[in-house]
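# Architecture and fold: a report
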Number of protein chains: 2
Amino acid sequence: MSNTSINNNEVDIVIAAINSDLEPFMNEWRPVFSQFHLIIVKDPDMNGELRIPEGFNVDVFTKSDIDRVVGSSTSILFSGYSCRYFGYLVSRKKYIISIDDDCIPARDTNGDLVDVVAQHIANLQAPATPFFFNTLYDPYRKGADFVRGYPFSLRSGVTCALSCGLWLNLADYDAPTQALKPGQRNSRYVDAVMTVPLRSLMPVSGINIAFNREVVGPALFPALRLAGEGKLRWETVEDIWSGMCVKVICDHLGLGVKSGIPYVWRRERGDAIESLKKEWEGVKLMEEVVPFFQSVRLPQTAVTAEDCVVDMAKSVKEQLGKVDPMFARAADAMGDWVKLWKSVGSSSPGV
Amino acid sequence: MSNTSINNNEVDIVIAAINSDLEPFMNEWRPVFSQFHLIIVKDPDMNGELRIPEGFNVDVFTKSDIDRVVGSSTSILFSGYSCRYFGYLVSRKKYIISIDDDCIPARDTNGDLVDVVAQHIANLQAPATPFFFNTLYDPYRKGADFVRGYPFSLRSGVTCALSCGLWLNLADYDAPTQALKPGQRNSRYVDAVMTVPLRSLMPVSGINIAFNREVVGPALFPALRLAGEGKLRWETVEDIWSGMCVKVICDHLGLGVKSGIPYVWRRERGDAIESLKKEWEGVKLMEEVVPFFQSVRLPQTAVTAEDCVVDMAKSVKEQLGKVDPMFARAADAMGDWVKLWKSVGSSSPGV
């Protein structure tokens, strides 16, 4: 990590403000975040006044900004956790890091504060190795390397597009799992990051992620919205859906996705049993979603993330649209998202 | 790990004696190995008298046993590290654990001795999950679970056939890597074990492994022998080759392979630069081997590990045989191995 050279001007930290009082959150993150530009997007459903402490370089976006930029589109909804995608849209930086507002910095096994920005950027700057598994995890980490038998021709790797961090304390389980094991907390700090292999699908959690906006920005979008979606992570699947898309797209474009460190410490929030009463739908959907993404293939003509999202949206509509109207709506949102991305991207930086 | 119930009668520990004095090795392992049956196979190239300390339940096999059982086969050579495969052949147990004789027990991050047997058996007894990636690693470990978005239909997993452990201190690098970084030692204890995803190939190291002999025993064999093969791990690829076969076979049969804990502490041995002078062939071979295994497909008629090895041998001969005669010899050895496995397996247990 000490080898990572970060150009602070290449990083935006995007925070979805689900809670109006961001003071405790931002004060906890001050040592890590204060040298970077922050984009805070206020959940358009929230009425309270945002409280943001002094001493940060921050731009705040609210419902009126969203309405102005997005205009009349009704397929894309930026409410709840999805508001952070508006930050992805208006950013002009190479890298985006996004952390949920119920997380605070974690400590590693030595008790040192985890620098989530430095580690995510290290993950994104070092190549990914999706074509062959390295048993000693990330071969580019200090003290590690490729093991015996790893082909030399694959050791240069590919660009890493997405870095998925993890969570200590309250892990990102679904409501049924958390309801079944109400006392379960994650205390295992696994000091590793690895490339998720080619064609291996994964559930991407939006809680603690970073990505190269220039290469996969258009593939991170709010498209799949549950009828009973709420303001707790286990009541959403928008990140899981987008994560399946982005993994398939990275596989197609020859890009890599990493999972592992950095950790954040996730505070407890919500009542899993209450969530379970109203939301069970997301859990069932995965049974349709996973086989679709395991079999979907993108055409050779799709050479950018935008192309891929457009083609993926078509396949979603054709193959999943008939299963549930929610998927047809997701396909529409994906198509509209690419249009929006292009129009906002081609407008002046000062949206 | 505390949940693992081990039937000691189901486990054989197989040790290839490359060094004649096993006393220091076995005394280090006494707390872990003493309650299990050991099979020690003496490298047929070694002349010295084996030194084995008291207090172990051990059967020793030497060149004369190998000659008696294997008979006139000249395609399979049990010299050097390959002698341990003779132990796999004569074992009658469900699980085999094999550790190189230059390894001693490792300590975990708490300073506790790693029980390599208990952890390997825990890995083999808990299901594997090759069809979807779980970001919190092995979901069956105490304190872990499947994360949000993991399909419920895939949570029961499949039988784990192979558990690949790791190495602290001297890691299993190839000679060029170790020669380039002569001081490099692995000090990172990553407290995780995970299923290597479906269709993701990996370099299986024979230094510290365990497997379910009943389901994949026939797929672990000494087949690919380098012309310049020596008595140091980085001068061999027999385990890498067999590991590629076993991973493809596990994928075909719907079985799982895990990688991660348990660690062993690997002592320093050999001079990488000297090895590099005589052995560079193994490194180059992987450039041919990996694309072959990435594309090879087994027929639906192959429903056992034996079937799969026979079919794989045919493909090796057809597709790689013309590239290098070493591959044609490997294919012959694989065919002969299956015959040998069947004949030894059908003979009485007291070989």
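Quantities reported herein were computed from a predicted structural model and do not represent experimental measurements.

### A closer look at helix 7 (residues 238-253) of chain A
- Helix length check: helix 7 of chain A (16 residues) gives 22 Å between terminal C-alpha atoms against 22 Å at 1.5 Å per residue, within 8%.
- The element helix 7 of chain A is extensively covered by neighbouring structure, given that 14 of its 16 residues are classed as buried.

### Some details on the confidence of the model for chain A
- Here chain A averages 93 in pLDDT, and 97% of its residues register 70 or above.
- In the model output, the complex is listed with pTM 0.95 alongside ipTM 0.95.

### Structural notes on the packing of helix 7 of chain A against helix 9 (residues 281-295) of chain A
Residues and elements named next belong to chain A.
- The geometry of helix 7 relative to helix 9 is characterised by a closest axis approach of 11 Å and an angle of 10 degrees between their N-to-C directions. With respect to helix 9, the element helix 7 is oriented roughly parallel. For the pair helix 7 and helix 9, contact is made by Ile240, Trp241, Met244, Cys245 and Val248 and by Met286, Val289, Val290 and Phe293, respectively.
- Its residues assigned to classes, the contact of helix 7 with helix 9 shows nine nonpolar, no polar and no charged.

### Some points on the nonpolar core
- Membership of the largest hydrophobic core comes to 246 residues, with the highest contact counts inside it found for Phe33(A), Trp241(A), Phe293(A), Phe33(B), Trp241(B) and Phe293(B).
- In this view, Phe33(A) contacts Ile13(A), Ile15(A), Phe25(A), Leu38(A), Phe56(A), Ile99(A), Val116(A) and Val117(A); residues no more than four positions away in its chain are not counted.

### Regarding the relation of the copies chain A and chain B
- Its rotation angle being 180 degrees, the transformation that places chain A on chain B also includes 0.0 Å of axial translation and leaves an RMSD of 0.0 Å. Overall, the copies show the geometry of a two-fold rotation axis. The rotation axis passes nearest to the C-alpha of Val190(A) in chain A, at a distance of 2.8 Å.
- Residue by residue, 100% of the interface of chain A is reproduced at the interface of chain B, so both copies engage with the same surface.

### A word on the packing of aromatic side chains
- Under the counting rule described, the total for this entry stands at 34 aromatic pairs over all chains.
- Measuring from ring centre to ring centre gives 4.9 Å for Phe292(A) and Phe293(A), while their planes differ by 75 degrees; the resulting arrangement is edge-to-face.
- A relative accessible area of 2% means that Phe293(A) is categorised as buried.
- Each ring, one from Tyr88(B) and one from Phe211(B), has its centre 4.8 Å from the other, and the planes form 70 degrees; the classification is edge-to-face. With Tyr88(B) in helix 3 (residues 84-90) and Phe211(B) in strand 8 (residues 208-212), this pair connects stretches of sequence that are 123 residues apart.
- Note on Phe211(B): relative accessible area 0%, which makes it buried.
- Here the guanidinium or amino end of Arg155(A) rests over the ring plane of Phe152(A), the centre of that ring lying 3.8 Å away.

Conventions we followed
- Residues numbered from 1 in each chain as written.
- Chains lettered and ligands numbered in written order.
- Predicted model: local features only at pLDDT ≥ 70, side-chain atom pairs only at ≥ 80, totals over all residues.
- Heavy atoms only, no water.
- Helix = DSSP H or I, 4+ residues; strand = E, 2+ residues; numbered from the N terminus.
- Expected span 1.5 Å × (residues − 1).
- Buried < 20%, exposed > 50% of the residue type's maximum accessible area, 1.4 Å probe, protein only.
- pLDDT = per-residue confidence, 0-100.
- Axes fitted to C-alpha atoms, helices over the stretch in contact; angles between N-to-C directions.
- Parallel < 35°, antiparallel > 145°, perpendicular 65-115°, else oblique.
- Contact = heavy atoms within 4.5 Å.
- Nonpolar A, V, L, I, M, F, W, Y, C, P; charged D, E, K, R; others polar.
- Core = buried A, V, L, I, M, F, W, Y, C linked by side-chain atoms within 4.5 Å.
- Least-squares fit on C-alpha atoms with pLDDT ≥ 70 in both.
- Phe/Tyr/Trp six-rings, centres within 6.5 Å; stacked < 30°, edge-to-face > 60°.
- Lys NZ or Arg CZ within 6 Å of the ring centre and 35° of its normal.

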